[in-house]
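# Summary of structural features
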Amino acid sequence: MGGNYEKGMYRQLMDVMARLDVMETEHKKDRKEISSLTSEVESFCKENSRFRTELAQVKEENSVLQKGRGTARSMLTIIFPKQM
């Protein structure tokens, strides 16, 4: 009777250890995936920062061009008052 109990306990132990190995493998895979995704997010953050800087420059250029357009239009209105 004691032998069957020990065999049953041993089988349970082997089953638990096998499941633990599977979980450990999945955990390592998940950690690699998390690391990869973290790197990707950092890359996107840097790219986003560059785009924000570029957008600010484009907005500034647009503002300068709009002011220049307004100045040119007012000058043309003075020169050609009936056509504007």
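This text goes with the structure placed above it.
This one's a predicted model, so the numbers in the text were calculated from it and none came from an experiment.

Turning next to the overall build of the protein chain. Secondary structure assignment for the protein chain yields one helix and zero strands. The buried share of the protein chain, taken over its 84 residues, is 0%. In the structure as shown, the protein chain presents an accessible area of about 8300 Å², 59% of it carried by carbon and sulfur atoms. Averaging the coordinates of the 15 positive side-chain charges in the protein chain and doing the same for the 13 negative ones gives two points 11 Å apart.

A word on a nonpolar patch on the surface. On the surface, a nonpolar cluster with roughly 520 Å² of combined accessible area is contributed by M75, L76, I78, I79 and F80. Among the secondary structure elements, L76 is positioned in helix α1 (residues 2-79). Given a relative accessible area of 37%, L76 falls into the partly exposed group.

What follows concerns the pattern of salt bridges. Applying the stated criterion across every chain, the model contains one salt bridge. R19 is the salt-bridge partner of D15, the closest N and O atoms lying 3.1 Å from each other. Highlighted residues: D15 and R19, both in helix α1, separated by four residues, approximately one helical turn. Looking at R19, the relative accessible area reads 49%, which means it is partly exposed.

Reading the values: rules and limits
- Residues numbered from 1 in each chain as written.
- Predicted model: local features only at pLDDT ≥ 70, side-chain atom pairs only at ≥ 80, totals over all residues.
- Heavy atoms only, no water.
- Helix = DSSP H or I, 4+ residues; strand = E, 2+ residues; numbered from the N terminus.
- Buried < 20%, exposed > 50% of the residue type's maximum accessible area, 1.4 Å probe, protein only.
- Areas by Shrake-Rupley, 256 points an atom, 1.4 Å probe, with all protein chains shown as cover.
- Lys, Arg positive; Asp, Glu negative; His and termini not counted.
- Charge placed at Lys NZ, Arg CZ, Asp CG, Glu CD.
- Patch = residues over 30% accessible without salt bridge, like charges linked within 9 Å, V, L, I, M, F, W, Y side chains within 5 Å.
- Salt bridge = Lys/Arg side-chain N within 4 Å of Asp/Glu carboxyl O.

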